[in-house]
Amino acid sequence: MTTQETIALFEYYVIGNYKRYPVSLVRGEGSYVWDAEGNRYLDFFPGWGCDLIGHCPPRLVKAVQEQVARLIHVPNTWYTEPQGLLAKALVERAGFDGRCFFCNSGTEAVEAAIKLARLCGKPGRYKIITMLNSFHGRTLGALTATGQPKYHKGLEPLLAGFSYALFGDLDAAAKLVDGETCALMVEPIQGEGGINLPPPGYLEGLRELADRHKLMLIFDEVQTGMGRTGKWYAFQNWPVQPDALTLAKALAGGVAAGGLVAKPQFAEKLVPGTHAATFGGNPLACIAALATIETIEADGLLERALRLGDAFGRRFESLKARCPLIQKIRVQGAMIGVELSIDGALLVDQCLQKRLLINCTHGNVLRLLPALNLTDDQLENGCDILEDVLLSYEGGRKP
Ligand SMILES: *Cc1c(COP(=O)(O)O)cnc(C)c1O
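Keep in mind that what you see is a predicted model, and the values were worked out from it rather than measured. (Residues numbered from 1 in each chain as written. Predicted model: local features only at pLDDT ≥ 70, side-chain atom pairs only at ≥ 80, totals over all residues. Heavy atoms only, no water.)

A. Seen up close, the packing of helix 2 (residues 58-68) against helix 10 (residues 283-298). Between helix 2 and helix 10, whose axes approach to 8 Å, the crossing angle comes to 155°. It follows from the interaxial angle that helix 2 and helix 10 lie roughly antiparallel. In the packing of helix 2 onto helix 10, the handedness of the crossing is right-handed. Of helix 10, the residues touching helix 2 (which contributes Arg59, Leu60, Ala63, Val64, Gln67 and Val68) are Pro283, Leu284, Ile287, Ala288, Ala291, Thr292, Glu294, Thr295 and Ala298. Grouping the amino acids of the contact of helix 2 with helix 10 by side-chain chemistry returns 10 nonpolar, three polar and two charged. (Axes fitted to C-alpha atoms, helices over the stretch in contact; angles between N-to-C directions. Helix = DSSP H or I, 4+ residues; strand = E, 2+ residues; numbered from the N terminus. Parallel < 35°, antiparallel > 145°, perpendicular 65-115°, else oblique. Left-handed = near helix turned anticlockwise from the far one by under 90°. Contact = heavy atoms within 4.5 Å. Nonpolar A, V, L, I, M, F, W, Y, C, P; charged D, E, K, R; others polar.)

B. Layout of the sheet that holds strand 14 (residues 359-361). Spatially, four strands are ordered 11-12-15-14 in an open sheet, and the strand pairing comes out antiparallel. Strands at the two margins of the open sheet, each flanked by one partner only, are strand 11 (326-331) and strand 14. Across the sheet, the mean angle separating the axes of adjacent strands is 25° when strand polarity is ignored. Pairing analysis gives five bridges linking strand 11 to strand 12 (residues 336-340), with the strands arranged antiparallel. The partner of Val331 across the bridge, within strand 12, is Ile336. (Pairing = 2+ DSSP bridges.)

C. How the structure looks around the sheet that holds strand 6 (residues 162-165). The mixed open sheet is built from seven strands, whose spatial order is 4-10-9-8-7-5-6. Since the sheet does not close on itself, it has two edges, and those belong to strand 4 (99-103) and strand 6, each with one partner. Going from strand to strand, the sheet's axes swing by 20° on average, the running direction of each strand aside. As judged from the three bridges shared by strand 8 (residues 216-220) and strand 9 (residues 244-247), these two strands associate in the parallel manner. Within the sheet, the bridge partner assigned to Asp220 lies in strand 9 and is Thr246. Each of strand 5 (127-131), strand 7 (181-186) and strand 8 is contacted by helix 8 (residues 202-213), which is oriented at about 170° to strand 7, the strand it contacts most.

D. Molecular detail of the domain arrangement of the chain. When its domains are assigned, the chain resolves into domain 1 (3-56 + 300-392) and domain 2 (60-298). A straight line from the C-alpha centre of domain 1 to that of domain 2 covers 25 Å. Considering only the side of domain 1, the residues that lose the most area to domain 2 are Leu302, Gln332 and Met335, jointly responsible for 28% of the buried surface there. Inspection of the domain 1/domain 2 interface yields zero salt bridges. Counting residues per element, the side of domain 1 that touches domain 2 draws most heavily on helix 11 (residues 301-320), which supplies four residues. In the side of domain 1 that touches domain 2, the residues fall into 17 nonpolar, seven polar and three charged. (Domains from an automatic or database assignment. Buried area = accessible area lost by both parts, 1.4 Å probe. Salt bridge = Lys/Arg side-chain N within 4 Å of Asp/Glu carboxyl O.)

Structure representation (structure tokens):
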């Protein structure tokens, strides 16, 4: 089918809740994707951060192909080896003792965390503090947790018991704590909100605040987890530990999967009947996640994430000296944000014309979540395109 024929199907049969680019993608390999007409694109934002080790990574493809012929799905009324092995692998890398629950997406992982926080807050405590500008998902609980009014509009009334503090402001969070508060939830690095790094001492301060009031501290690592920042979990970049963390996006290298890792004294509250997910922890997703972890380890990709961060950082710093449109550069491993003085939508379109896929978030923040195995050549080629586009804008080049 041509791209136009596919678009025609969507126009009639698919609900229009997404803004899509007029490209039908048919194949991917590493950091490249191809459209129905055979055009190749360099992908600096593979799978919205899910394709952490690139499109169709060979180890994952092989593991899934073997598993799909053996056992696709059985419910959680049975034991399956892949789920057990994945839970062990995630806990061993967390640096604290934990127990896992599996689901299929980020929003579900956040819902599990919210339910766990409420169960642990009993009796009498149910309120959760999250941060302004955060993103936690689209189901009504996670949506309420999301501190951005634009996503709430038209969907009220939302879940009771949420309040929002300025990200980075410890006093603001402390002021919101009352006798009914049971948890604090924060992305260690805000992703959708513009790649916002925590100020020094912030996450540690939240830990102290949680300890002082016996609150559960939840880190939403759906975007930051699985090695994206050069550590298995982003919180490991700072001397701090959560009581629970959520995972999804990159967890299974592009196969749908979500998870919650919680310390045992919290996790034990999720007893039979309190929570479940029919597809959660299915053998296919778990095998894909195990293959992702194996690939990251075998190919030294945690190290590579740091090298990519350094290389992107250097490219953008050198461009900033020439291009007044660049305001701030925020990098933690393979999580790259470049704040612009212009709206980013046009930039995304113009890069697409030049066959480079990028993302802009929060209006004016260029966001790159490249695959950890992006090559040096691919990095330079993509940055050359970005540079050309930015320098060609009116006011894009210093006189
Ligand atoms: C993407 C994201 C979610 C939601 O994940 P879905 O899989 O889209 O439900 C939740 N939290 C964070 C931090 C995210 O980046």
